[in-house]
Amino acid sequence: MKKAKKQTKNNRGITLIALVITIVLNCSYLAMDQMNKIEKI
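To keep things clear, this report deals only with the structure shown in the data block. (Residues numbered from 1 in each chain as written. Predicted model: local features only at pLDDT ≥ 70, side-chain atom pairs only at ≥ 80, totals over all residues. Heavy atoms only, no water.)

A short note on the overall build of the chain
Reasoning step 1: Across its full length, the chain carries 1 helix and 0 strands.
Reasoning step 2: For the chain, the proportion of its 41 residues judged to be buried stands at 0%. (Helix = DSSP H or I, 4+ residues; strand = E, 2+ residues; numbered from the N terminus. Buried < 20%, exposed > 50% of the residue type's maximum accessible area, 1.4 Å probe, protein only.)

Right, dumping it as structure tokens:
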């Protein structure tokens, strides 16, 4: 019982980290996209 609870906590942590990485990558991609648009004009 105790082991299963720890496993779900680890999975939640991994999911959270993956989510944060995805958001950061999306933000940096959008920022680069904006910079490219500004340079073209």
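Structural notes on the pattern of salt bridges
Reasoning step 1: One pass over the full model with this rule turns up 1 salt bridge.
Reasoning step 2: The salt bridge partner of Lys37 is Asp33, with a shortest N-O separation of 3.9 Å. Taken as a pair, Lys37 and Asp33 lie in helix α1 (residues 2–40) at a separation of 4 residues, close to a single helical turn. (Salt bridge = Lys/Arg side-chain N within 4 Å of Asp/Glu carboxyl O.)

What about a nonpolar patch on the surface?
Reasoning step 1: There is a patch of nonpolar side chains on the surface, built from Ile17, Ile21 and Leu25 and spanning about 300 Å² of accessible area.
Reasoning step 2: Relative to the assigned elements, Ile21 resides in helix α1.
Reasoning step 3: Classification of Ile21 as partly exposed rests on a relative accessible area of 45%. (Patch = residues over 30% accessible without salt bridge, like charges linked within 9 Å, V, L, I, M, F, W, Y side chains within 5 Å. Areas by Shrake-Rupley, 256 points an atom, 1.4 Å probe, with all protein chains shown as cover.)

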